[in-house]
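Each chain, written out:
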Amino acid sequence: MRVTQAFRFELDPNRTARIALAQHVGAARFAYNWGLNLCKKALEEGKAIPNAAQLHREWNRWKRENAPWWTEVSKCAPQEAFRDLEKALRNWRQKRARFPRFKRKKHMDDNTARLTGSIRVFPRHVQLPRIGKVRTKEWTDKLLALLESNKARILSATISREADRWYVSLTCEVERPDPPQREGEPIGVDLGLSAFLVLSDGTRIEAPKPLAKSLRLLRRRSRQLFRKQRGSKNWQKASLRLARLHRRVQNIRRDFLHQVTTWLAKTKPVMVVEDLNVRGLARGPLSRPVADVGWGAFRRMLEYKAGWYGARVIVAPTHFPSTKRCSGCGWVAPRMPLSLRTFRCPWCGLEIDRDLNAALNLRQYGLAVLSGPTGSSPGSHACGDPSGGGTAGNSWSTSYGSLKQEAGSGRLFAG
(Lines give C-alpha, C1' and ligand atoms only; values in the text may rest on other atoms or scores of the structure.)
Protein backbone atom coordinates (compact mmCIF):
# COMPACT_ATOMS: atom_id res chain seq x y z
CA MET A 1 0.00 0.00 0.00
CA ARG A 2 1.09 3.57 -0.65
CA VAL A 3 0.87 5.97 2.26
CA THR A 4 1.87 9.58 2.84
CA GLN A 5 4.67 9.70 5.40
CA ALA A 6 6.89 12.51 6.63
CA PHE A 7 10.59 12.23 7.47
CA ARG A 8 11.80 14.98 9.79
CA PHE A 9 15.45 15.93 10.17
CA GLU A 10 17.16 18.61 12.21
CA LEU A 11 19.34 20.85 10.06
CA ASP A 12 22.84 22.12 10.78
CA PRO A 13 22.98 25.17 8.48
CA ASN A 14 25.90 27.50 8.06
CA ARG A 15 25.45 31.27 8.12
CA THR A 16 24.49 31.51 4.43
CA ALA A 17 21.95 28.68 4.65
CA ARG A 18 20.51 30.10 7.87
CA ILE A 19 19.86 33.44 6.19
CA ALA A 20 18.25 31.72 3.19
CA LEU A 21 16.01 29.62 5.44
CA ALA A 22 14.90 32.70 7.38
CA GLN A 23 14.16 34.54 4.11
CA HIS A 24 11.90 31.76 2.86
CA VAL A 25 10.03 31.49 6.16
CA GLY A 26 9.57 35.26 6.25
CA ALA A 27 8.41 35.35 2.64
CA ALA A 28 5.82 32.63 3.27
CA ARG A 29 4.51 34.43 6.36
CA PHE A 30 4.38 37.78 4.53
CA ALA A 31 2.55 36.30 1.54
CA TYR A 32 0.01 34.58 3.80
CA ASN A 33 -0.76 37.81 5.64
CA TRP A 34 -0.86 39.75 2.36
CA GLY A 35 -3.38 37.31 0.90
CA LEU A 36 -5.45 37.25 4.08
CA ASN A 37 -5.68 41.04 3.99
CA LEU A 38 -7.03 40.89 0.43
CA CYS A 39 -9.57 38.25 1.42
CA LYS A 40 -10.79 40.34 4.36
CA LYS A 41 -11.20 43.36 2.11
CA ALA A 42 -13.18 41.25 -0.37
CA LEU A 43 -15.49 40.10 2.42
CA GLU A 44 -16.03 43.66 3.63
CA GLU A 45 -16.91 44.80 0.10
CA GLY A 46 -19.24 41.85 -0.47
CA LYS A 47 -17.11 40.31 -3.21
CA ALA A 48 -16.13 36.68 -3.73
CA ILE A 49 -13.10 35.50 -1.79
CA PRO A 50 -10.19 34.91 -4.21
CA ASN A 51 -8.77 31.42 -4.38
CA ALA A 52 -5.08 30.45 -4.29
CA ALA A 53 -4.58 30.79 -8.05
CA GLN A 54 -6.13 34.25 -8.14
CA LEU A 55 -4.05 35.37 -5.17
CA HIS A 56 -0.90 34.09 -6.84
CA ARG A 57 -1.64 35.99 -10.07
CA GLU A 58 -2.31 39.19 -8.11
CA TRP A 59 0.87 38.59 -6.10
CA ASN A 60 2.95 38.30 -9.29
CA ARG A 61 1.68 41.71 -10.41
CA TRP A 62 2.15 43.36 -7.00
CA LYS A 63 5.56 41.97 -6.01
CA ARG A 64 7.56 43.54 -8.88
CA GLU A 65 6.94 47.07 -7.60
CA ASN A 66 6.46 46.51 -3.86
CA ALA A 67 8.59 43.48 -2.91
CA PRO A 68 12.05 43.77 -4.48
CA TRP A 69 13.26 40.83 -2.37
CA TRP A 70 11.05 38.38 -4.29
CA THR A 71 13.99 37.34 -6.50
CA GLU A 72 15.90 36.03 -3.45
CA VAL A 73 13.36 33.34 -2.52
CA SER A 74 11.74 30.46 -4.34
CA LYS A 75 8.35 31.08 -5.93
CA CYS A 76 7.08 28.01 -4.04
CA ALA A 77 7.13 29.76 -0.65
CA PRO A 78 4.35 32.31 -1.38
CA GLN A 79 2.53 29.91 -3.70
CA GLU A 80 2.18 27.24 -1.03
CA ALA A 81 1.26 29.90 1.54
CA PHE A 82 -1.71 30.92 -0.63
CA ARG A 83 -2.79 27.28 -0.82
CA ASP A 84 -2.64 27.05 2.98
CA LEU A 85 -4.74 30.21 3.19
CA GLU A 86 -7.31 28.77 0.77
CA LYS A 87 -7.56 25.63 2.90
CA ALA A 88 -7.98 27.68 6.08
CA LEU A 89 -10.78 29.72 4.50
CA ARG A 90 -12.46 26.54 3.26
CA ASN A 91 -12.42 25.12 6.78
CA TRP A 92 -13.94 28.38 8.05
CA ARG A 93 -16.74 28.27 5.47
CA GLN A 94 -17.52 24.68 6.38
CA LYS A 95 -17.53 25.65 10.10
CA ARG A 96 -14.64 23.34 10.94
CA ALA A 97 -12.42 26.15 12.20
CA ARG A 98 -12.42 29.82 13.08
CA PHE A 99 -11.60 32.59 10.65
CA PRO A 100 -7.85 32.53 9.93
CA ARG A 101 -5.66 34.98 11.80
CA PHE A 102 -2.56 36.85 10.72
CA LYS A 103 0.68 34.97 11.27
CA ARG A 104 3.25 36.30 13.71
CA LYS A 105 6.98 35.86 13.84
CA LYS A 106 7.04 35.04 17.54
CA HIS A 107 4.51 32.22 17.14
CA MET A 108 6.38 28.93 16.73
CA ASP A 109 3.82 27.35 14.38
CA ASP A 110 3.96 30.37 12.04
CA ASN A 111 7.68 30.00 11.29
CA THR A 112 7.25 27.49 8.48
CA ALA A 113 7.49 27.43 4.70
CA ARG A 114 6.64 24.62 2.28
CA LEU A 115 8.70 24.10 -0.86
CA THR A 116 8.12 21.94 -3.92
CA GLY A 117 10.15 21.22 -7.01
CA SER A 118 13.68 19.82 -7.16
CA ILE A 119 14.35 18.28 -3.73
CA ARG A 120 17.18 15.80 -3.33
CA VAL A 121 18.47 13.80 -0.38
CA PHE A 122 22.10 12.91 0.34
CA PRO A 123 23.58 10.88 3.24
CA ARG A 124 24.12 14.00 5.39
CA HIS A 125 22.57 16.77 3.29
CA VAL A 126 19.21 17.86 1.90
CA GLN A 127 19.06 19.98 -1.25
CA LEU A 128 16.21 22.50 -1.30
CA PRO A 129 15.06 24.85 -4.11
CA ARG A 130 16.97 28.17 -4.13
CA ILE A 131 18.50 27.35 -0.74
CA GLY A 132 20.88 24.63 -1.91
CA LYS A 133 22.44 21.83 0.06
CA VAL A 134 21.98 22.06 3.82
CA ARG A 135 23.71 19.71 6.21
CA THR A 136 21.59 17.57 8.53
CA LYS A 137 22.52 16.63 12.08
CA GLU A 138 21.56 13.00 11.52
CA TRP A 139 21.96 10.45 8.78
CA THR A 140 19.25 10.18 6.14
CA ASP A 141 20.04 6.56 5.25
CA LYS A 142 16.52 5.23 5.83
CA LEU A 143 14.85 7.69 3.48
CA LEU A 144 17.72 7.51 0.99
CA ALA A 145 17.37 3.71 0.75
CA LEU A 146 13.65 4.05 0.02
CA LEU A 147 14.29 6.66 -2.67
CA GLU A 148 17.00 4.63 -4.37
CA SER A 149 14.80 1.52 -4.44
CA ASN A 150 11.88 3.55 -5.90
CA LYS A 151 9.75 2.82 -2.84
CA ALA A 152 9.34 6.50 -1.97
CA ARG A 153 8.76 9.76 -3.82
CA ILE A 154 9.26 13.21 -2.31
CA LEU A 155 6.18 15.43 -2.59
CA SER A 156 7.26 18.54 -0.70
CA ALA A 157 9.63 19.87 1.95
CA THR A 158 8.54 21.98 4.91
CA ILE A 159 11.20 24.00 6.70
CA SER A 160 10.46 25.21 10.20
CA ARG A 161 12.20 27.09 12.96
CA GLU A 162 11.77 26.24 16.63
CA ALA A 163 13.62 28.72 18.83
CA ASP A 164 17.21 28.62 17.48
CA ARG A 165 16.94 25.29 15.62
CA TRP A 166 15.95 24.53 12.05
CA TYR A 167 14.12 21.43 10.82
CA VAL A 168 13.03 20.05 7.48
CA SER A 169 10.09 17.68 7.08
CA LEU A 170 10.04 15.77 3.81
CA THR A 171 6.53 14.63 2.88
CA CYS A 172 6.85 11.46 0.82
CA GLU A 173 4.62 8.92 -0.86
CA VAL A 174 5.97 5.63 0.49
CA GLU A 175 5.28 2.09 -0.61
CA ARG A 176 4.76 0.03 2.55
CA PRO A 177 4.09 -3.72 2.65
CA ASP A 178 0.45 -4.61 3.22
CA PRO A 179 0.26 -5.70 6.87
CA PRO A 180 -1.68 -8.87 7.69
CA GLN A 181 -5.02 -8.08 9.29
CA ARG A 182 -4.69 -9.11 12.93
CA GLU A 183 -7.65 -10.68 14.69
CA GLY A 184 -8.43 -10.62 18.38
CA GLU A 185 -10.74 -9.29 21.03
CA PRO A 186 -11.05 -5.50 21.29
CA ILE A 187 -9.50 -3.57 24.13
CA GLY A 188 -11.05 -0.42 25.53
CA VAL A 189 -8.85 2.68 25.69
CA ASP A 190 -10.16 5.36 28.04
CA LEU A 191 -8.39 8.72 27.96
CA GLY A 192 -8.28 10.82 31.07
CA LEU A 193 -6.46 13.57 32.94
CA SER A 194 -5.45 11.80 36.16
CA ALA A 195 -4.06 8.92 34.08
CA PHE A 196 -3.41 9.50 30.39
CA LEU A 197 -5.06 6.22 29.41
CA VAL A 198 -6.50 3.17 31.11
CA LEU A 199 -6.94 -0.07 29.18
CA SER A 200 -9.71 -2.55 29.84
CA ASP A 201 -7.09 -5.10 30.96
CA GLY A 202 -6.12 -2.80 33.86
CA THR A 203 -3.04 -1.19 32.33
CA ARG A 204 -2.57 2.43 33.37
CA ILE A 205 -0.20 4.85 31.65
CA GLU A 206 0.53 8.18 33.26
CA ALA A 207 1.06 11.29 31.16
CA PRO A 208 4.33 13.22 31.53
CA LYS A 209 2.38 16.52 31.69
CA PRO A 210 5.35 18.63 30.58
CA LEU A 211 3.40 21.89 30.62
CA ALA A 212 2.24 21.46 34.22
CA LYS A 213 5.75 20.55 35.37
CA SER A 214 7.32 23.50 33.55
CA LEU A 215 4.61 26.06 34.28
CA ARG A 216 6.44 27.69 37.17
CA LEU A 217 9.62 28.09 35.10
CA LEU A 218 7.60 29.33 32.13
CA ARG A 219 6.05 32.06 34.26
CA ARG A 220 9.43 33.06 35.62
CA ARG A 221 11.02 33.33 32.19
CA SER A 222 7.99 35.21 30.88
CA ARG A 223 8.40 37.78 33.68
CA GLN A 224 12.12 38.05 32.90
CA LEU A 225 11.31 38.75 29.27
CA PHE A 226 8.70 41.35 30.20
CA ARG A 227 11.22 43.26 32.32
CA LYS A 228 13.75 43.61 29.50
CA GLN A 229 13.76 46.51 27.06
CA ARG A 230 12.15 45.28 23.87
CA GLY A 231 14.68 44.81 21.07
CA SER A 232 17.77 44.89 23.31
CA LYS A 233 20.31 42.06 23.42
CA ASN A 234 19.14 41.01 26.88
CA TRP A 235 15.58 40.91 25.56
CA GLN A 236 16.70 38.66 22.70
CA LYS A 237 18.48 36.32 25.12
CA ALA A 238 15.43 36.11 27.40
CA SER A 239 13.15 35.53 24.42
CA LEU A 240 15.37 32.67 23.21
CA ARG A 241 15.39 31.05 26.67
CA LEU A 242 11.59 31.16 26.78
CA ALA A 243 11.28 29.74 23.25
CA ARG A 244 13.66 26.90 24.09
CA LEU A 245 11.54 25.96 27.08
CA HIS A 246 8.38 25.91 24.94
CA ARG A 247 10.19 23.69 22.44
CA ARG A 248 11.22 21.29 25.20
CA VAL A 249 7.62 21.01 26.44
CA GLN A 250 6.42 20.28 22.92
CA ASN A 251 9.12 17.66 22.26
CA ILE A 252 8.42 15.78 25.51
CA ARG A 253 4.72 15.57 24.70
CA ARG A 254 5.33 14.54 21.09
CA ASP A 255 7.83 11.82 22.02
CA PHE A 256 5.47 10.37 24.64
CA LEU A 257 2.53 10.26 22.21
CA HIS A 258 4.63 8.55 19.53
CA GLN A 259 5.82 5.88 21.96
CA VAL A 260 2.34 5.12 23.33
CA THR A 261 0.59 5.00 19.96
CA THR A 262 3.31 2.82 18.39
CA TRP A 263 3.11 0.38 21.30
CA LEU A 264 -0.69 0.17 21.07
CA ALA A 265 -0.72 -0.27 17.28
CA LYS A 266 1.90 -3.04 17.41
CA THR A 267 0.48 -5.02 20.37
CA LYS A 268 -3.31 -4.52 20.28
CA PRO A 269 -5.21 -5.86 17.25
CA VAL A 270 -8.49 -3.97 17.93
CA MET A 271 -8.74 -0.78 19.97
CA VAL A 272 -11.90 1.05 20.99
CA VAL A 273 -11.59 4.78 21.71
CA GLU A 274 -14.16 7.47 22.36
CA ASP A 275 -14.80 10.37 20.00
CA LEU A 276 -14.00 13.15 22.45
CA ASN A 277 -14.97 16.75 21.75
CA VAL A 278 -11.43 18.00 22.29
CA ARG A 279 -12.11 21.41 20.77
CA GLY A 280 -15.02 22.01 23.14
CA LEU A 281 -13.09 20.78 26.17
CA ALA A 282 -10.15 23.02 25.24
CA ARG A 283 -12.42 26.06 25.61
CA GLY A 284 -13.65 25.19 29.10
CA PRO A 285 -12.11 25.39 32.58
CA LEU A 286 -9.92 22.35 31.82
CA SER A 287 -8.34 23.93 28.75
CA ARG A 288 -4.76 23.81 30.07
CA PRO A 289 -4.77 20.16 31.27
CA VAL A 290 -6.51 19.04 28.06
CA ALA A 291 -3.93 20.82 25.91
CA ASP A 292 -1.13 19.36 28.02
CA VAL A 293 -2.06 15.71 27.37
CA GLY A 294 -2.67 16.07 23.61
CA TRP A 295 -5.77 13.93 23.04
CA GLY A 296 -6.25 15.14 19.47
CA ALA A 297 -2.70 14.25 18.42
CA PHE A 298 -3.05 10.85 20.13
CA ARG A 299 -6.17 9.99 18.11
CA ARG A 300 -4.57 11.08 14.84
CA MET A 301 -1.36 9.11 15.47
CA LEU A 302 -3.19 5.99 16.61
CA GLU A 303 -5.37 5.86 13.51
CA TYR A 304 -2.64 6.09 10.90
CA LYS A 305 -0.30 3.76 12.80
CA ALA A 306 -3.08 1.20 13.14
CA GLY A 307 -3.24 1.12 9.35
CA TRP A 308 0.51 0.56 9.17
CA TYR A 309 0.58 -2.42 11.52
CA GLY A 310 -2.68 -4.16 10.62
CA ALA A 311 -4.62 -3.07 13.70
CA ARG A 312 -8.12 -1.61 13.78
CA VAL A 313 -9.62 1.34 15.59
CA ILE A 314 -13.30 1.44 16.55
CA VAL A 315 -14.54 4.90 17.50
CA ALA A 316 -17.41 5.14 19.97
CA PRO A 317 -19.61 8.24 19.46
CA THR A 318 -19.24 11.34 21.59
CA HIS A 319 -22.43 10.77 23.60
CA PHE A 320 -21.72 7.12 24.41
CA PRO A 321 -22.07 6.91 28.26
CA SER A 322 -18.78 5.13 28.87
CA THR A 323 -18.13 6.82 32.23
CA LYS A 324 -21.70 6.91 33.59
CA ARG A 325 -22.66 3.36 32.61
CA CYS A 326 -22.08 0.39 34.92
CA SER A 327 -19.88 -2.19 33.23
CA GLY A 328 -21.53 -4.94 35.27
CA CYS A 329 -25.27 -4.49 34.80
CA GLY A 330 -25.68 -1.58 32.36
CA TRP A 331 -27.24 0.95 34.75
CA VAL A 332 -26.53 4.55 33.68
CA ALA A 333 -25.93 7.18 36.35
CA PRO A 334 -27.67 10.55 35.88
CA ARG A 335 -24.36 12.39 36.30
CA MET A 336 -20.73 11.63 37.10
CA PRO A 337 -18.70 14.69 38.19
CA LEU A 338 -14.91 14.61 37.93
CA SER A 339 -14.56 14.66 41.72
CA LEU A 340 -15.97 11.11 41.90
CA ARG A 341 -13.05 8.82 41.09
CA THR A 342 -14.90 5.61 42.02
CA PHE A 343 -18.00 4.35 40.22
CA ARG A 344 -20.61 2.83 42.57
CA CYS A 345 -23.64 1.08 41.10
CA PRO A 346 -26.77 1.01 43.33
CA TRP A 347 -28.23 -1.87 41.28
CA CYS A 348 -25.52 -4.52 41.44
CA GLY A 349 -23.23 -2.98 44.07
CA LEU A 350 -20.22 -2.76 41.78
CA GLU A 351 -17.43 -0.47 43.00
CA ILE A 352 -14.70 0.18 40.46
CA ASP A 353 -12.32 2.92 39.37
CA ARG A 354 -14.18 5.25 37.00
CA ASP A 355 -11.49 5.10 34.31
CA LEU A 356 -11.35 1.31 34.34
CA ASN A 357 -15.14 1.18 34.25
CA ALA A 358 -15.15 3.41 31.15
CA ALA A 359 -12.52 1.23 29.47
CA LEU A 360 -14.60 -1.90 30.14
CA ASN A 361 -17.67 -0.22 28.64
CA LEU A 362 -15.68 0.70 25.53
CA ARG A 363 -14.53 -2.90 25.25
CA GLN A 364 -18.16 -4.11 25.39
CA TYR A 365 -19.01 -1.56 22.72
CA GLY A 366 -16.29 -3.02 20.51
CA LEU A 367 -17.50 -6.57 21.10
CA ALA A 368 -21.02 -5.54 20.07
CA VAL A 369 -19.68 -3.91 16.91
CA LEU A 370 -17.57 -6.94 15.93
CA SER A 371 -20.46 -9.33 16.54
CA GLY A 372 -22.90 -7.17 14.59
CA PRO A 373 -23.51 -7.10 10.82
CA THR A 374 -20.70 -4.55 10.28
CA GLY A 375 -18.04 -6.44 12.19
CA SER A 376 -16.54 -8.08 9.13
CA SER A 377 -16.57 -5.01 6.88
CA PRO A 378 -13.87 -2.53 7.91
CA GLY A 379 -14.53 0.99 6.72
CA SER A 380 -18.32 0.67 6.63
CA HIS A 381 -20.67 2.53 8.92
CA ALA A 382 -22.76 0.62 11.44
CA CYS A 383 -25.91 2.16 9.96
CA GLY A 384 -25.11 0.63 6.60
CA ASP A 385 -23.85 3.87 5.05
CA PRO A 386 -22.26 2.80 1.75
CA SER A 387 -19.90 5.77 1.84
CA GLY A 388 -18.03 4.23 4.76
CA GLY A 389 -17.33 5.69 8.18
CA GLY A 390 -13.69 4.70 8.51
CA THR A 391 -11.26 7.08 10.10
CA ALA A 392 -8.10 5.44 8.80
CA GLY A 393 -6.98 2.92 6.23
CA ASN A 394 -7.92 -0.10 8.35
CA SER A 395 -10.16 1.50 10.96
CA TRP A 396 -13.84 2.33 11.08
CA SER A 397 -16.32 4.21 13.22
CA THR A 398 -19.82 3.19 14.21
CA SER A 399 -23.07 4.71 15.32
CA TYR A 400 -24.24 4.52 18.94
CA GLY A 401 -27.89 4.53 17.82
CA SER A 402 -27.52 1.60 15.42
CA LEU A 403 -25.50 -0.37 17.96
CA LYS A 404 -28.24 0.21 20.50
CA GLN A 405 -30.66 -1.50 18.14
CA GLU A 406 -28.22 -4.33 17.39
CA ALA A 407 -27.70 -5.07 21.07
CA GLY A 408 -31.44 -5.62 21.50
CA SER A 409 -31.31 -5.16 25.25
CA GLY A 410 -32.66 -2.21 27.16
CA ARG A 411 -30.48 -3.01 30.17
CA LEU A 412 -27.25 -3.00 28.18
CA PHE A 413 -27.60 0.56 26.97
CA ALA A 414 -30.16 1.90 29.42
CA GLY A 415 -30.89 5.60 29.18
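Please read all numbers here as calculations on a predicted model, not as lab measurements.

Draft legend 1. Expanded view of the overall build of the chain. The helix and strand inventory of the chain stands at eleven helices and 15 strands. Taking contacts inside the chain between residues at least 6 apart in sequence as the whole, the part at least 24 apart equals 67%. Surface exposure of the chain reaches about 22,000 Å², of which carbon and sulfur atoms provide 50%.

Draft legend 2. Inspection of the confidence of the model for the chain at higher detail. Chain-level statistics for the chain give a pLDDT mean of 87 and a share of 90% at 70 or above. For residues 374-415, every residue scores under 50 in pLDDT, and the model assigns this stretch 87 contacts once sequence neighbours within four places are set aside.

Draft legend 3. The arrangement of empty space enclosed by the protein in detail. Following the criterion strictly, the structure yields one cavity of 30 Å³ or more and no others. Considering only enclosed or pocket space, the largest cavity measures out at about 30 Å³ in volume. What lines the largest cavity is simply Ala207, Pro208, Lys209, Pro210, Arg253, Phe256, Asp292 and Val293. Of all the secondary-structure elements, those providing two or more residues to the lining of the largest cavity are α6 (233-267) and α8 (287-293). The class makeup of the residues in the lining of the largest cavity is five nonpolar, no polar and three charged.

Draft legend 4. View of the sheet that holds strand β2 (residues 112-115). The antiparallel open sheet is built from four strands, whose spatial order is β1-β7-β6-β2. At either margin of the open sheet sits one strand with a lone partner, and together these are β1 (2-10) and β2. The average undirected angle you get between the axes of adjacent strands in this sheet is 20°. Here nine bridges tie β1 to strand β7 (residues 165-175), and the two strands are oriented antiparallel to one another. Within β7, the residue paired with phenylalanine 9 across the bridge is valine 168. Across the sheet, α6 lies against β1, β6 (152-162) and β7, angled at about 140° from β6, the strand it touches most.

Draft legend 5. Structural context of the pattern of salt bridges. For the structure shown, the criterion picks out 24 salt bridges. For the salt bridge of arginine 101 with aspartate 110, the shortest nitrogen-to-oxygen distance reads 2.9 Å. Residue arginine 101 is classed as partly exposed on the basis of its relative accessible area, which comes to 41%. Salt-bridge contacts for arginine 204 lead to aspartate 353; the nearest nitrogen and oxygen are separated by 3.4 Å. Of the two residues, arginine 204 is situated in strand β10 (residues 204-205) and aspartate 353 in strand β14 (residues 351-353); the sequence distance between them amounts to 149 residues. Here the residues in one salt-bridge network are Arg2, Arg153, Glu173 and Glu175, joined through shared partners.

About the thresholds
- Residues numbered from 1 in each chain as written.
- Predicted model: local features only at pLDDT ≥ 70, side-chain atom pairs only at ≥ 80, totals over all residues.
- Heavy atoms only, no water.
- Helix = DSSP H or I, 4+ residues; strand = E, 2+ residues; numbered from the N terminus.
- Contact = heavy atoms within 4.5 Å.
- Areas by Shrake-Rupley, 256 points an atom, 1.4 Å probe, with all protein chains shown as cover.
- pLDDT = per-residue confidence, 0-100.
- 1 Å grid on protein atoms, 1.4 Å probe; cavity = no way out; pocket = protein on both sides within 12 Å on 5 of 7 lines; lining within 4 Å.
- Points joined across faces, edges and corners; volume = space filled by probe spheres on them.
- Nonpolar A, V, L, I, M, F, W, Y, C, P; charged D, E, K, R; others polar.
- Pairing = 2+ DSSP bridges.
- Axes fitted to C-alpha atoms, helices over the stretch in contact; angles between N-to-C directions.
- Salt bridge = Lys/Arg side-chain N within 4 Å of Asp/Glu carboxyl O.
- Buried < 20%, exposed > 50% of the residue type's maximum accessible area, 1.4 Å probe, protein only.

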